[in-house]
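# Working through the structure, step by step
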Amino acid sequence: MRFARTGLAAVVTAGALALAVVPASAAVVSTHQAAGAHAVAANPKTIKAAAYNQARSILANAGSQTAAKSHPVHGKPDVPVSYGTSLLAAARDEFRHNDQHLPAKDKKSGMSIPHYNAIHDAARTMGIDRW
């Protein structure tokens, strides 16, 4: 019986030590993304005026009336990221509305594939991941 208590105490002590180590190693594991998950970087605080103007042109050339009517930025080196996210969201909504009657095989994310590509090209130009 004495050996059983001593053995049980050793097991409990080893278990307690193992639990003390688990949170530290779990923290390392939790910082890694799950397989297949996409890393999403935070949007910048500001974007360069030239990048905004280029993205605006990409969207206007793809047929966005919203982008075509927006004013180019001049006289400032950079603008708040909200200018870019608003431009992207407006063009996205416009493209989805205009492309709603296309067959599903010709659409990606609710818009034509050329419109989808233009939105993402404009976003990459401004360094924006979420809009």
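On a predicted model such as this, the values are computed, not experimentally measured, just so you know.

### Remarks on the packing of aromatic side chains
Given two aromatic rings, one states the distance between the centres and the angle between the planes to describe the pair. Scanning the model with the defined rule gives one aromatic pair in all. Judged by centre distance (6.4 Å) and plane angle (70°), the rings of tyrosine 52 and tyrosine 83 are edge-to-face. You can see tyrosine 52 sitting in helix 2 (residues 49–61) and its partner tyrosine 83 sitting in helix 4 (residues 81–98), a full 31 residues away along the chain. Since its relative accessible area comes to 6%, tyrosine 52 is described here as buried. With relative accessibility at 35%, the residue tyrosine 83 sits in the partly exposed group.

### Re the confidence of the model for the protein
Averaged over every residue, the pLDDT of the protein is 81; the share at 70 or more is 69%. Within the model, pLDDT remains below 50 along residues 6–36, and this stretch shows two contacts once partners closer than five positions in the same chain are excluded.

### Some words on the nonpolar core
Taken as a class, soluble globular proteins show a tendency for nonpolar side chains to be buried jointly. Ranked by internal contacts, the top residues of the largest apolar core, which has 20 residues, are Ile47, Tyr52, Leu59, Leu88, Phe95, Ile119 and Met126. Listing elements by their share of this core, those giving two or more residues are helix 2, helix 4 and helix 5 (113–126). Those residues in contact with leucine 88 that sit more than four places away from it in its chain are Leu59, Ile119, Ala122, Ala123, Met126, Ile128 and Trp131.

### Details of the packing of helix 4 against helix 5
Relative to each other, helix 4 and helix 5 sit at 180°, their axes nearing to 10 Å. As the angle between them shows, helix 4 and helix 5 are arranged roughly antiparallel. Residues Gly84, Leu88, Ala91, Arg92 and Phe95 of helix 4 form the contact with helix 5, whose participating residues are His115, Ile119, Ala122, Ala123 and Met126. Its residues assigned to classes, the contact of helix 4 with helix 5 comprises seven nonpolar, two polar and one charged.

### Side note on the side chain of serine 70
Turning to its location among the elements, serine 70 is positioned in the loop between helix 3 (65–69) and strand 2 (78–80). Among residues more than four places away in sequence, those in contact with serine 70 are Tyr52, Arg56 and Leu87.

### Let's talk about helix 2
With 13 residues, helix 2 extends 18 Å from end C-alpha to end C-alpha; this agrees with the ideal 18 Å at 1.5 Å per step. Burial in helix 2 covers these residues: Ala49, Ala51, Tyr52, Asn53, Ala55, Arg56 and Leu59. Contact partners of the buried residues in helix 2: strand 1 (46–48), helix 3, strand 2, helix 4 and helix 5. Phi turns positive, to about 110°, at glycine 63, one or two residues after helix 2.

Calculation notes
- Residues numbered from 1 in each chain as written.
- Predicted model: local features only at pLDDT ≥ 70, side-chain atom pairs only at ≥ 80, totals over all residues.
- Heavy atoms only, no water.
- Phe/Tyr/Trp six-rings, centres within 6.5 Å; stacked < 30°, edge-to-face > 60°.
- Helix = DSSP H or I, 4+ residues; strand = E, 2+ residues; numbered from the N terminus.
- Buried < 20%, exposed > 50% of the residue type's maximum accessible area, 1.4 Å probe, protein only.
- pLDDT = per-residue confidence, 0-100.
- Contact = heavy atoms within 4.5 Å.
- Core = buried A, V, L, I, M, F, W, Y, C linked by side-chain atoms within 4.5 Å.
- Axes fitted to C-alpha atoms, helices over the stretch in contact; angles between N-to-C directions.
- Parallel < 35°, antiparallel > 145°, perpendicular 65-115°, else oblique.
- Nonpolar A, V, L, I, M, F, W, Y, C, P; charged D, E, K, R; others polar.
- Expected span 1.5 Å × (residues − 1).

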